[in-house]
Amino acid sequence: MQNIHLMPKWCIELEKKLDVFAAESSHPDFRVFLSADPSKGIPIGILERSIKLTNEPPQGLVANLRRAFALFSKEDFEEKDAKVKSILFALCHWHALMLERKKFGPMGYNMKYPFSAGDLRDSAQVLYNYLEGSAAVKIPWDDLRYIFGDIMYGGHIVDDWDRIMCSKYLLYFMRDELLDEIEMVPYADGKLSWPSPQPGPHEKYLEHIETMPPESPLFFGMHPNAEINFRTVQCDQTFDMLMTLTGGGAGGGGDDADTQSPMAIAEQTCGEILEEVQEKKFATDDVSRAMSEEEKGPYQFVFLQECEYMNGLVYEMVRGLQELQLGFKGELTMSEVMEDLANCLFAEKLPMWWVKLGFASTRPLKSWRVNLQERCVQLDDWINDPLNIPKVVDISKLFNPQSFLTAIKQLCCQNQGLELDKLQVFTEVTKKEAKKVEAASKDGAFCSGMWLEGARWDPVTNSLEDSRPKEMFTPMPVINCKAGMMSDKVDKNQYICPTYCVPIRRPYYVFPAQLRTKAPADKWVLAGVAMILDIGGS
């Protein structure tokens, strides 16, 4: 029986039946074979009486490629045409890339997908059917790319940007040059080389796999810095686990008089935060009444909404912290919610309600508090002059940056009489820093607060370039965001760069930005290049 983790209630019945079979002296050769994903729903009795075998995916690109190629027997492989052999090897290599890319986290994929050996076998069968006995016929690359990328593997892919990345891999590998020799390391620019094997016997392909250079992000079309990010996340996860196992307490040693208890630290932090936010309240009703209906434009509505969001967050913070202070003094009984809040303050984590009412952030509590003050400063600047937005709007300090970009389009609709649903935001990267901008943009709005991940912006050439070693994020200059009519035209010197609120990317997508590039745009797609608004905590 397969996939029993999908029927947790029935598993209880299965356990009872197995108990009955054992009591009735079943046949000595009677066995039950079960398969399941790791799950808490499988009864412990079934696990205890089972011989357990795990089938874990191999680690590393070479191991994945070996396993993928081993799916095809030597006898069947030798019967195939030279073209089929070349394409099949490229298909195995692409399959290995798709499996192993997930280790790079959000830079690899926005979501995790269950690609399996079955996808590879089905894709290979389609390849055989298309090319069987067609020695002189032109290879239908478009059909193969569509079936592999949009049906077989693409059937798993939900996120649009992941689907684009998948199609760019296939566009690189599935082409006529593959039948002669192509570089299996996309867009490496000579930094790493591993050519595709010439058609030959089965053993030749096995030998070629073993000649693969040491694994590098370059194999995936990514910058070597991606390895730093991957290893850092591994270390963080390991230490988080160690902290959980040790209860999160500090190490032994030292004078007890100098060591504060967790509750004492939480109480101190509670007082500090209350002092910071207690007086923070934006008089949105007064500001709204002070403006006439004609003066209230799209930008004014956005900033009024931002002030409301901030008021809601600060109100919940003050209410919860004041309640917790009473609990520390013994004037209130500590409830579970209050204890959770105290534990979060001690562990430098955001409480649940602050996350729900707050802005997207991956920052620890201390950094988050600093960021909260910076957001309040921007709102204070606007409150002092509500009819005019700041010369440069730091969209990384907005609760809802999409609403500000929509306001740019709404203003364009009002001024030019265009339809909102036919407009999109276009970006023009300036060479200015926010402090040096002297006046607001005449067309659109100047925006700041964006960082590039996976590449850097060269102010000299005004285009995308490879990142420098150990530079995970690089700041962008001020960007002029303006609205214009949607167009299906593709500019080969532009990379459509996804922009996200935080480094974990999905589901905090904001908008696509247009960035100039001298290299092919596909290079940046495979490199996982994106703009991030708030990189705090990364």
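All figures in this text were calculated on a predicted structure; none of them were measured in a lab. (Residues numbered from 1 in each chain as written. Predicted model: local features only at pLDDT ≥ 70, side-chain atom pairs only at ≥ 80, totals over all residues. Heavy atoms only, no water.)

Asks: Help me understand the packing of aromatic side chains, please; the structure alone is not making it clear to me.
Replies: Aromatic rings in a pair are described by how distant their centres are and how their planes are angled relative to each other. For the structure on display, the rule yields 27 aromatic pairs. Here Phe104 and Phe220 contribute two aromatic rings whose centre-to-centre distance is 5.2 Å and whose plane-to-plane angle is 75°, an arrangement assigned as edge-to-face. Of the two residues, Phe104 sits in the loop between α5 (82–100) and α6 (117–131) while Phe220 sits in the loop between α9 (202–210) and α10 (225–245), which places them 116 residues apart along the sequence. For the pair Phe104 and Phe220, one class covers both residues: buried. Three or more aromatic residues joined by ring pairs form one cluster here, namely Phe69, Phe77, Phe89, Trp194, Tyr205 and Phe219. We note Lys80 situated over the ring of Tyr128; from NZ or CZ to the ring centre the distance is 3.9 Å. One residue, Arg375, lies across the ring of Phe359, its end atom 3.6 Å from the ring centre. (Phe/Tyr/Trp six-rings, centres within 6.5 Å; stacked < 30°, edge-to-face > 60°. Helix = DSSP H or I, 4+ residues; strand = E, 2+ residues; numbered from the N terminus. Buried < 20%, exposed > 50% of the residue type's maximum accessible area, 1.4 Å probe, protein only. Lys NZ or Arg CZ within 6 Å of the ring centre and 35° of its normal.)

Asks: Just checking my understanding: could you explain empty space enclosed by the protein for this structure?
Replies: Here the idea is plain: a probe the size of a water molecule rolls over the atoms and shows the empty space left. For the structure on display, the rule yields 4 cavities of 30 Å³ or more. The calculated volume of the largest cavity comes to roughly 110 Å³. The wall of the largest cavity is formed by 14 residues, among which Tyr187, Gly221, Met222, Asp466 and Lys523 lie closest to the centre. A per-class count over the lining of the largest cavity returns 8 nonpolar, 2 polar and 4 charged. Taken domain by domain, the makeup of the lining of the largest cavity includes at least three residues from each of domain 2 (61–222) and domain 4 (392–397 + 421–537). (1 Å grid on protein atoms, 1.4 Å probe; cavity = no way out; pocket = protein on both sides within 12 Å on 5 of 7 lines; lining within 4 Å. Points joined across faces, edges and corners; volume = space filled by probe spheres on them. Nonpolar A, V, L, I, M, F, W, Y, C, P; charged D, E, K, R; others polar. Domains from an automatic or database assignment.)

Asks: It is not clear to me how the packing of helix α3 (residues 61–69) against α9 should be interpreted in this structure. Could you clarify?
Replies: Axis angle and axis distance: for two packed helices, these are the angle between their axes and the distance between the axes, and together they describe the pair. Viewed as axis vectors pointing N to C, α3 and α9 meet at an angle of 165°, and their least axial separation amounts to 10 Å. Comparing their axes, α9 and α3 come out roughly antiparallel. Between α3 and α9 lies a crossing whose hand is left-handed. Contact with α3, carried on its side by Val62, Leu65, Arg66 and Phe69, involves His202, Tyr205, Leu206, Ile209 and Glu210 of α9 and no other residues of that element. In the contact of α3 with α9, the residues fall into 6 nonpolar, 1 polar and 2 charged. (Axes fitted to C-alpha atoms, helices over the stretch in contact; angles between N-to-C directions. Parallel < 35°, antiparallel > 145°, perpendicular 65-115°, else oblique. Left-handed = near helix turned anticlockwise from the far one by under 90°. Contact = heavy atoms within 4.5 Å.)

Asks: Even after reading the chapter, I still don't get the pairing of strand β9 (residues 494–500), so can you show me in this structure?
Replies: When a strand is regular, its side chains alternate between the sheet's two faces. Of all 7 residues making up β9, 5 are buried, and the element is well covered by its neighbours. Pairing geometry for β9 and strand β10 (residues 509–516), over 7 bridges, is antiparallel. Bridge pairing in β10 links Tyr500 to Tyr509. (Pairing = 2+ DSSP bridges.)

Asks: Sorry if this is basic, but what is going on with a nonpolar patch on the surface here?
Replies: Taken together, the side chains of Met1, Leu6, Met7, Trp10, Val20, Phe21, Phe30, Val32 and Leu34 make up a nonpolar region of the molecular surface, amounting to roughly 790 Å² of accessible area. Examined against the element boundaries, Met1 turns out to sit in the segment before α1 (8–23). (Patch = residues over 30% accessible without salt bridge, like charges linked within 9 Å, V, L, I, M, F, W, Y side chains within 5 Å. Areas by Shrake-Rupley, 256 points an atom, 1.4 Å probe, with all protein chains shown as cover. Salt bridge = Lys/Arg side-chain N within 4 Å of Asp/Glu carboxyl O.)

Asks: I keep staring at the sheet that holds β9 and nothing clicks. Help me out?
Replies: An order of β7-β4-β11-β9-β10 is seen for the 5 strands of this open sheet, with the pairing classed as mixed. Each edge of the sheet is formed by a strand with only one pairing partner; in this case those strands are β7 (473–475) and β10. Taking each pair of neighbouring strands and ignoring which way they run, the sheet shows an average axis angle of 35°.

Asks: Mind showing me how you'd approach the domain arrangement of the chain here?
Replies: Interfaces are frequently sized by the accessible area removed from exposure as the parts join. Structurally, the chain comprises domain 1 (4–49), domain 2 (61–222), domain 3 (262–389) and domain 4 (392–397 + 421–537). Measuring from the centre of the C-alpha atoms in domain 1 to the corresponding centre in domain 2 gives 39 Å.

Asks: Quick question: what am I supposed to make of the sheet that holds strand β8 (residues 479–485) here?
Replies: Backbone hydrogen bonds are what pair the strands of a sheet, in a parallel or an antiparallel way. Ordered by their spatial adjacency, 4 strands build an open sheet running β1-β3-β8-β2, and the pairing between neighbours is mixed. Bordering the open sheet on either side are β1 (392–394) and β2 (423–429), each of which pairs with just one other strand. Recorded for the sheet is a direction-independent mean angle of 40° between the axes of neighbouring strands. Here strand β3 (residues 445–448) runs beside β8; their pairing, made up of 3 bridges, is antiparallel. When the sheet's bridge partners are listed, Cys447 is paired in β8 with Ile479.

Asks: Could you clarify how one ought to interpret the nonpolar core in this entry?
Replies: What tends to happen in soluble globular proteins is that the nonpolar side chains get buried as a cluster. Counting 136 residues, the largest nonpolar core has Leu345, Trp354 and Phe404 as its most contacted members. In terms of residues, this core owes the most to one element, helix α13 (residues 298–328), which gives 13 residues. Dropping the residues within four chain positions of it, Leu345 is found in contact with Ala266, Thr269, Cys270, Ile273, Leu321, Leu324, Trp354 and Leu365. (Core = buried A, V, L, I, M, F, W, Y, C linked by side-chain atoms within 4.5 Å.)

Asks: Honestly, the pattern of salt bridges in this entry has me stumped. Any pointers?
Replies: Under the defined criterion, the tally for this structure stands at 28 salt bridges. Among the ionic pairs, Lys85 bridges to Glu78, the shortest N-O distance being 3.5 Å. Residue Glu100 pairs with Lys103 through a salt bridge whose shortest N-O separation is 3.8 Å. Owing to a relative accessible area of 21%, Lys103 belongs among the partly exposed residues under this scheme. Taken together, the shared-partner salt bridges connect Asp189, Lys191, Asp466 and Lys523 into one network.

Asks: Help me understand the layout of surface pockets, please; the structure alone is not making it clear to me.
Replies: The space that makes up the largest pocket amounts to roughly 2000 Å³. Considering the residues around the largest pocket, the lining is formed by 44 residues, among which Leu34, Ser35, Ala36, Leu53 and Thr54 are closest to the centre. Looking at the lining of the largest pocket, the elements with two or more residues in it are α1, α2 (44–49), α3 and α5. Tallied by class, residues from the lining of the largest pocket come to 24 nonpolar, 12 polar and 8 charged.

Asks: Would you take a moment to explain the side chain of Asn225 for this structure?
Replies: Tracing the sequence through the fold places Asn225 in helix α10. What makes Asn225 buried here is its relative accessible area of 6%. Sequence-distant contacts of Asn225, that is, excluding residues within four places in its chain, are made with Ser467, Arg468, Pro469, Lys470, Glu471 and Met472.

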